[in-house]
Each structure stands twice: as structure tokens, then as C-alpha cells.
2 protein chains.
Amino acid sequence: MQKQPTIRDVAHAAGVSVAVVSRVLNPGSGPVAAATRGRVNDVMQTLGYHPRTAARELKHGPATTLGLLLADVSNPFFARLADHVVQEAHARGIQVLLMTTQEDDRLESERLSTLIERRVSGIIATPTGNNLEIWKKLQDMGADVVFVDRSIPSLPEVDVVSINNTESARAATALLAAHGHRRIGIISGPASSTTGRDRIAGHRQALEAAGLDQDDLLIRSAAFRGAAGGDAVTALLSLEHPPTALVVANTAQVTTVLRRLAHAGVSIPDELSVIVFEDSPWTELMTPPLTIVRQPIDLLARHSVQLALSNASGQTSGKPTTIRVEAELIERSSVARPGSK
Amino acid sequence: MQKQPTIRDVAHAAGVSVAVVSRVLNPGSGPVAAATRGRVNDVMQTLGYHPRTAARELKHGPATTLGLLLADVSNPFFARLADHVVQEAHARGIQVLLMTTQEDDRLESERLSTLIERRVSGIIATPTGNNLEIWKKLQDMGADVVFVDRSIPSLPEVDVVSINNTESARAATALLAAHGHRRIGIISGPASSTTGRDRIAGHRQALEAAGLDQDDLLIRSAAFRGAAGGDAVTALLSLEHPPTALVVANTAQVTTVLRRLAHAGVSIPDELSVIVFEDSPWTELMTPPLTIVRQPIDLLARHSVQLALSNASGQTSGKPTTIRVEAELIERSSVARPGSK
DNA sequence: CATAAAAGTGTAACCGGTTCCACTCTGTTT
DNA sequence: AAACAGAGTGGAACCGGTTACACTTTTATG
């Protein structure tokens, strides 16, 4: 990497002071004669000058970088979220530092340290649920943290953008109940996650509204990573009274669940009706096409970026904002009446 | 964001000079008495001190940030690539600035400017194919550019990591030929992309080796974005002599192709044998499970990061490196003998 | 025990921008 | 004609780290 020209090189070559060059660089920061501006611009062009972000950021904090801290990006849900966040940020001239936690507390805390050292203007994160002290510290430092998808109840001061998990799960289970199912299973996220808990709560609401028994054996919490979804399926199928319908409310485990069902030779929807929380184009290509809960990822992203940046620009309303967007239940063909087997 | 403590605050509180604090911060940069080190560390702890990356980067270039410039991250292929790149980078203490081009030259050039201004230590990119001058300039600046997945032939000086596209497509088409297919179609990426061209070349090699006619009507180039894949399917199906087998060599268009086939009521593999370049878990869940070409994304990522960083550390071998990893053809059930209809 | 070598520490310059303030030079107002 | 506003510019301090160098104190060596 050979030496790049600095602002002083440009100033010298253009026969002006660095202050003038800086003003050319930041229109509105002071007056510059049109002729001078032209000359400076020409020099910058021929010298191939690019101002260094690092130097600029030394003065003021970087209002130009956003930290995006996700569990992982292999999961298409997070991938699409990342894509939209990046686009929203770029549209505002902001760059995104992407980090992943692999759902691991220790990694999460390391990533957070890095973000603190970078003095990023905002952080959008799917928290693992631990590292409470660090999140609190970040808040005290005045960092603009937004939790997306999940949240941490013991940190009520943080802005949150998520889908209405309770309602989505309620609607899914209600649909199955309406088809006449009386034993409806659910495989949700870990109980330590708000998404996991909220979806189970919604499920229970629907059961109660339909006047159905609440059999805790039909409620399974599976970790986000690994093959926990498959194991939950096996457990459900080997029950004395297995479910006739299943809500897969853990997006990260949908494919492992379906694989296990296929291996077990369970036919959908004849033997088992299925609704999945997942919006991949593949769900429609399955045989039968799957009934899904679609999460409006673009909205999640837009609101998150907006919150992270509006806070940064000092519009601290004081109260933390919680935005809950509605998911959409899309009926296809994986739900039928029970007992058609 | 309230005022954060600086190195001078720490120095003052610990009763030492900033030089000592800096040495504590960077072990190996000079001697510090054990007692002093302890005291300084304690002070940093209680003050909640975090050194600012921006200040550190002012001195030397940032050997700590990598630019990752992808088409988009909605595409699971790029998403998994991003995931692995981030993990590899984190393992080396490097952060990743994620940017997307949406396959748009103008956006690409904007992103590149940003990366130049940040003086990132390396760039891993899937180039759109344009912006030749900027890439060249980056090279002249001594930036460490690595093209991954695709490349630009007129920039032979850049390191490239990709799969062996020609061989992968050849193997796919050869498998279909071995099953007795004589009219084999291919839907590949745009002719402007190396992946698109190379896969078509491999396809032609296989046809020739099998002694089959080369009917250009069976060779379709579809853009990466939009629904071009579906349209290509329609075109192929409405041919006077439609193909009996199809290679979908454009990962971004696999689902649009399959959707169109489903809508057209084409049954796989009875009416049409299919091989897709795609490694989603969903391919195995389809009816029938799809025969696929699996791309070793982890290897692509590992090699890219390695190249981007090894160059950065001054091990410029002089000659550009090209690493080609082999894809794996995984036979499942979407290929059968023709005419079983 | 003399003396060289090494350990421990502090001062100040530097990285490359931004910005406050002083200054000059027009053109305008009374 | 004096007073003044404001455009245009430059000098120098500053942001928060790193580091070359000078200096003092220990420790090792013959």
C-alpha cells in the first residue's frame, strides 16, 4: 500500500491552506470562492485523493457506522434481515459492520467490546439473552441499541423491533384448531428467548380459546442451533397420543424438523398438519406447499435502522420505543382435517 | 453519548504517563513493571476505559477491517459465504464491513469509494464485471483485492477464489447424458459473468464428449436478479423439441425455475430430469429430492480471507493467486432415464 | 566494585483530518 | 469619508491514540 496523498498534499498542490480543502470537502462548513473550489477539486482528482475516514472519526464520533450483531447469517431469516438492514443503511450513507455471535455469550461479549471500541453510532442486535451488564453499560454510555426479533425483558430501556410473536402463534394454532385438531404440538425456540416464550404463550391462548386441553408434552423448546428440532419431532411422534398437527415456530429448525418427518415417513397433511414460521421460496415448492407464517423482514429492518439512527441524531424521546409488526399467515396445503389417514 | 475516558484520563488516574498505558494496552511494545501493569489495568477497569479504534487506525492503516462486497445477502449462497467469511475473520480478530451491490455498477463504485476512504486492509468481492478503472486503481494503491466466486478476465492481476465451474457443469451434464438424455438444456448466469460462461463451456464439453448435438436454443443465460429463470423455462418448454433434462446452473434462479416448472405441471423426473447448482437443505426435502451440485462455501470463505489477509501482511508473492476448489455432485432422485413419461 | 546492559518511565512529536479564530479585502451603509 | 458587514483565507490547536528518544534506576557481568 503506497503512500496516499493527504489533505496537506492537496492544499500544497492547489496553493491553498488545509482549512480551505477541508471546506471543499465538507460543503456548508464555510465559504469557498467558486474558482478556488474548482481548483481544489481538480487537484484532488489528479492526485487521486480520498479523505481518510479514521482521521475524520477522530474528531467526532463516527455517525457513519452501524453495528449489526446477529446470531448467524446462514439462517435465511437473519440473512434477509442483514440484506435489508444493509440496504436501508446504505440509502442513508451509513456502513454496516456485520458480526455474528453463533448464539454464544462469550463471542457476543467480544463483539460488543469491538463495537464499543469503534464507537459505532448504533447497534442492531439479536441478543443471546446474557451479557446483561455489557448491554447495560452500553446503554449508560449512551450507545443507541436496538434489539430486533428478540429482546431481553430485564432490559426494558432498550428499543425493540419484533414481530407480534404471541399473535402469530395464536393465529397459527387457531387455524389448526378450526380444522378440528385437538392435539396440536408446537416446536418453538428455547425458553430463554422471548420469541420462544411468546410463541408458546400465543399457542396456549389459542388452545384455551378453542377449549382444548393443554398437554405440556406437546410443547417443545428446541435450541436455535444444532439438530434439536429433529429430536423434538421424534419425541412428539413417540408419544402415546401423538399430535395430529404441528406448529414449527422455530425458524432455524424448520428444515431439521421436516427432514425428520420425511425420514419417519409421516405424510403431510394426511397424518400431520403442519404450519411453519418460515418464508423461504422453497416452502411453496414443497409437496404439499406449506402453510406458513410470513415475517415482514423488510419492515423489521427499516424500523431498526430508523430507530438506531434517529436516536443517534439526538432525538432521544426519553422513553424506549417498542415496535411490533404483524406477521402474515399464508394458507397453502399442509393443513387438513385430522384423521384423514 | 457521554464523554468516554481517554488514555490520558487513565494515565492521570494511575499516576503514570500515557506511554505506559499504551504499553499496557499493546503487550510487547515495551517493558512495563508488573506492579504498574496491574495498577493501570485496575484503573482501566474501574473507569470503563476502551481505546478508540479510530485513533489507533490513524497511525497505521487499519489491519483490522475487511471489506466484503457481495451482490446481495438474500441469496443463500452469498449469505452462507458471508457467514463463513465473518467467522474466519473473527477468528483472526478482524472485523467485516458488509456491503451489497445489488449487481449494480453504480452502487458498486460507491461502495468501493467508501472502502478506499476507510483504508480497509483487504477486500473480498463478487464483482459486477464493470468499474474496471476503480478495481485497477485499488490495485495500484496496493489494496488487497480478492475476487470470490466470479472474476474479471481483463483484470488478471487480482487473486481469485472460485469453484471449478467448467468441471462442475461438465459433470452435471455428463451425468444426464449417461442417463441417456440427448436434449439437455442449461440455464446459466448471464454471459457477462465468468460463472455463467464457464458453466456453459463445461456443458458444451460434456455434450461433445457424449457425441451430442449442440443446440444453442437449449442454452439460456438468465440474469441473477428478477425472474429471468422462470422465463427461460417457459422458452425451453415451448420449443418444438423441448429438452428432456435440465441443468440449473444459476443458483439465484433455482427457485424461480422450479416454481415455473411446477406451474407448468412438469413432473420431475418423469418428464424432465433436473440438476441444480444449489446446496440448500430444502433441496433434499423436495419431492423428489433434487440432485445437486454442492459448492464448498466454507473453503471459498477460508481461502478468500486467507488471501486477503496474507497479502495484507506483506507476503506479496508478486504473482496473483488463483484458487479453484472442486464442487461435489450429489445424486438424489431428480434424474431418471428420458421418455419414462 | 566498576561499568555495561537492561528495565522502567516520561516527554513530545506525529498520524490526517476538522474547526476556532484572526486577518485581509471587498462592497455597503450612513 | 468613516464605519461596518461579510466573503474568503490561513494559522494553529485539537481529537486520542502510538512511538522514537532521552532519561533514570536496576540488574548482570567481568
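Small disclaimer: the values here were computed from a predicted structure and weren't measured. (Residues numbered from 1 in each chain as written. Chains lettered and ligands numbered in written order. Predicted model: local features only at pLDDT ≥ 70, side-chain atom pairs only at ≥ 80, totals over all residues. Heavy atoms only, no water.)

**Q** Hey, could you run me through the protein's contact with DNA strand C in this one?
**A** Lining the immediate environment of DNA strand C, one finds 28 residues, of which I7 and R8 of chain A together with S17, R23 and T36 of chain B sit closest. Where the surface near DNA strand C is concerned, the elements lending two or more residues are α1 (7–14), α2 (18–25) and α4 (53–59) of chain A together with α2 (18–25) and α4 (53–59) of chain B. Among the residues forming the surface near DNA strand C, the class breakdown is 15 nonpolar, seven polar and six charged. (Near = heavy atom within 4 Å. Helix = DSSP H or I, 4+ residues; strand = E, 2+ residues; numbered from the N terminus. Nonpolar A, V, L, I, M, F, W, Y, C, P; charged D, E, K, R; others polar.)

**Q** Is there a simple way to think about helix α11 (residues 254–263) of chain A in this case?
**A** The periodicity of an α-helix, 3.6 residues per turn, causes residues three or four positions apart to be oriented the same way. Listing the buried residues of α11 of chain A in full gives V254, T255, T256, V257, L258 and L261 of chain A. Looking at the buried positions of α11 of chain A, the neighbouring elements they touch are β6 (184–188), α10 (228–237), β8 (245–248) and β9 (273–277) of chain A together with α12 (282–285) of chain B. Of the residues one or two after α11 of chain A, G265 of chain A is the one with positive phi, at around 75 degrees. (Buried < 20%, exposed > 50% of the residue type's maximum accessible area, 1.4 Å probe, protein only. Contact = heavy atoms within 4.5 Å.)

**Q** It is not clear to me how the pairing of strand β3 (residues 122–125) of chain B should be interpreted in this structure. Could you clarify?
**A** Strand residues, when the strand is regular, have side chains that alternate between the two faces of the sheet. All names here are of chain B. Residue alternation in β3 divides its side chains into two sets, G122 and I124 and I123 and A125, and both sets are buried. Pairing analysis gives four bridges linking strand β1 (residues 65–70) to β3, with the strands arranged parallel. Pairing of L66 across the sheet is with G122, part of β3. Both β3 and strand β4 (residues 145–148) contribute to a ladder of three bridges, which runs parallel. Residue I124 lies in a different strand from β4, and its bridge partner there is V146. (Pairing = 2+ DSSP bridges.)

**Q** Could you clarify how one ought to interpret the protein's contact with DNA strand D in this entry?
**A** Taken together, 27 residues form the shell around DNA strand D, and within it S17, R23 and T36 of chain A together with I7 and R8 of chain B come nearest. Note that a sugar or linking oxygen of DNA strand D is positioned 2.9 Å from one of the side-chain N or O atoms of Y49 of chain B. The contact in question runs from a phosphate oxygen of DNA strand D to an N or O atom on the side chain of H60 of chain B, over 2.9 Å. In terms of residue class, the surface near DNA strand D is made up of 14 nonpolar, seven polar and six charged. (Polar contact = N/O pair within 3.5 Å; in protein donor to acceptor, adjacent residues only side chain to side chain.)

**Q** Just to check I follow, could you spell out the domain arrangement of chain A for this structure?
**A** How large an interface is tends to be reported as the accessible area lost when its parts come together. The assigned domain composition of chain A is domain 1 (7–51), domain 2 (65–163 + 297–325) and domain 3 (165–295). Taken over C-alpha atoms, the centre of domain 1 of chain A sits 62 Å from the centre of domain 3 of chain A. (Domains from an automatic or database assignment.)

**Q** Can you help me understand the packing of aromatic side chains in this one?
**A** In this description, a pair of aromatic rings is defined by centroid distance and the angle of the planes. All names here are of chain A. In this structure the tally under the stated criterion is four aromatic pairs over all chains. Centroid distance F77 to F78: 5.4 Å. Interplanar angle 65 degrees. Geometry classified as edge-to-face. Assigned by exposure class, F77 and F78 land together as buried. Taking 4.9 Å as the distance between ring centres and 90 degrees as the angle between the ring planes, the aromatic pair formed by W135 and F147 counts as edge-to-face. (Phe/Tyr/Trp six-rings, centres within 6.5 Å; stacked < 30°, edge-to-face > 60°.)

**Q** Explain the relation of the copies chain A and chain B to me, please; I cannot follow it from the model alone.
**A** Two copies of one chain are present, and they are related through a rotation about an axis combined with an axial shift. With an RMSD of 0.1 Å, the operation that places chain A on chain B is a rotation of 180 degrees combined with a shift of 0.1 Å along the axis. Taken together, the turn and the small shift mark the pair as related by a two-fold rotation axis. A shared binding surface is used by both copies, with 100% of the interface residues of chain A retained as interface residues in chain B. (Least-squares fit on C-alpha atoms with pLDDT ≥ 70 in both.)

**Q** Just checking my understanding: could you explain the packing of helix α1 (residues 7–14) of chain B against α2 of chain B for this structure?
**A** Packed helices, taken two at a time, are described by the angle between their axes plus the distance between the axes. All names here are of chain B. Their axes nearest at 8 Å, the elements α1 and α2 cross at an angle of 105 degrees. When the interaxial angle is binned, α1 and α2 end up roughly perpendicular. The residues of α2 that touch α1, namely those facing I7, R8, V10 and A11, are V18, V21, S22 and L25. Grouping the constituent residues of the contact of α1 with α2 by class yields six nonpolar, one polar and one charged. (Axes fitted to C-alpha atoms, helices over the stretch in contact; angles between N-to-C directions. Parallel < 35°, antiparallel > 145°, perpendicular 65-115°, else oblique.)

**Q** Which parts of the structure should I look at to understand the sheet that holds β4 of chain B?
**A** Within a sheet, adjacent strands bond to each other through the backbone by hydrogen bonds, running parallel or antiparallel. If you trace the 12 strands from one edge of the open sheet to the other, you get β11(A)-β5(A)-β4(A)-β3(A)-β1(A)-β2(A)-β2(B)-β1(B)-β3(B)-β4(B)-β5(B)-β11(B), paired in mixed fashion. A single partner strand is all that each edge strand has here, and the edge strands are β11 (322–325) of chain A together with β11 (322–325) of chain B. For this sheet the average axis-to-axis angle between neighbouring strands, irrespective of direction, equals 20 degrees. One ladder, built from six bridges, connects strand β1 (residues 65–70) of chain A with strand β2 (residues 95–100) of chain A; its direction is parallel. Bridge assignment links L66 of chain A to a residue of β2 of chain A, and that residue is V96 of chain A.

**Q** Would you explain the packing of helix α6 (residues 105–118) of chain B against helix α7 (residues 132–140) of chain B in this entry?
**A** Residues and elements named next belong to chain B. For the pair α6 and α7, interaxial distance at closest approach is 10 Å and the crossing angle is 15 degrees. The orientation of α6 relative to α7 falls into the category roughly parallel. The two elements α6 and α7 cross, and the hand of that crossing is left-handed. On the side of α6, the interface is formed by E108, S109, L112 and I116, while α7 contributes I134, W135 and L138. Partitioning the contact of α6 with α7 into residue classes produces five nonpolar, one polar and one charged. (Left-handed = near helix turned anticlockwise from the far one by under 90°.)

**Q** Sorry, what's going on with the nonpolar core here?
**A** For soluble globular proteins, the rule of thumb is that nonpolar side chains tend to be buried together. Of all hydrophobic cores here, the largest spans 59 residues; its most connected members are L81 and I124 of chain A together with L81 and I124 of chain B. Not counting the four nearest positions on each side in its chain, L81 of chain B is found in contact with L70, V148, I297, L300 and A301 of chain B. Among the nonpolar cores identified, the runner-up in size contains 48 residues, and V248, V257, V266 and I330 of chain A belong to it. (Core = buried A, V, L, I, M, F, W, Y, C linked by side-chain atoms within 4.5 Å.)

**Q** Just checking my understanding: could you explain unusual backbone geometry for this structure?
**A** One can expect most non-glycine residues to show negative phi and most peptide bonds to be in trans. With omega at -5 degrees, the peptide bond leading from T287 of chain A into P288 of chain A counts as cis. Here the bond from I268 of chain B into P269 of chain B is cis, since omega is 0 degrees, no more than 30 degrees from zero. Among the secondary structure elements, P269 of chain B is positioned in the loop between α11 (254–263) and β9 (273–277). Despite not being glycine, R119 of chain A shows a phi value in the positive range, around 50 degrees. Inspection of the secondary structure puts R119 of chain A in the loop between α6 (105–118) and β3 (122–125). Unlike most non-glycine residues, N131 of chain B shows phi in positive territory, near 60 degrees. Considering the arrangement of structural elements, one finds N131 of chain B in the loop between β3 and α7.

**Q** What is the right way to read the pattern of salt bridges from this model?
**A** Where charged atoms from two side chains of opposite charge approach closely, those side chains can pair. Residue and element names in this part refer to chain A. One pass over the structure, following the stated rule, counts 26 salt bridges over all chains. In this structure, the salt-bridge partner of R106 is E110, at a minimum N-O distance of 3.6 Å. In this pair, R106 and E110 are both assigned in helix α6, four residues apart and thus about one turn of the helix distant. We classify E110 as partly exposed; its relative accessible area is 36%. Salt-bridge contacts for D231 lead to R260; the nearest nitrogen and oxygen are separated by 3.1 Å. With a gap of 29 residues between them, D231 in helix α10 and R260 in helix α11 connect regions that are remote in the sequence. Exposure remark for D231: the relative accessible area of 47% places this residue in the partly exposed category. The partly exposed category is assigned to R260, whose relative accessible area is 28%. Each member of the salt-bridge network shares a partner with another, and the members are E88, R92 and R302. (Salt bridge = Lys/Arg side-chain N within 4 Å of Asp/Glu carboxyl O.)

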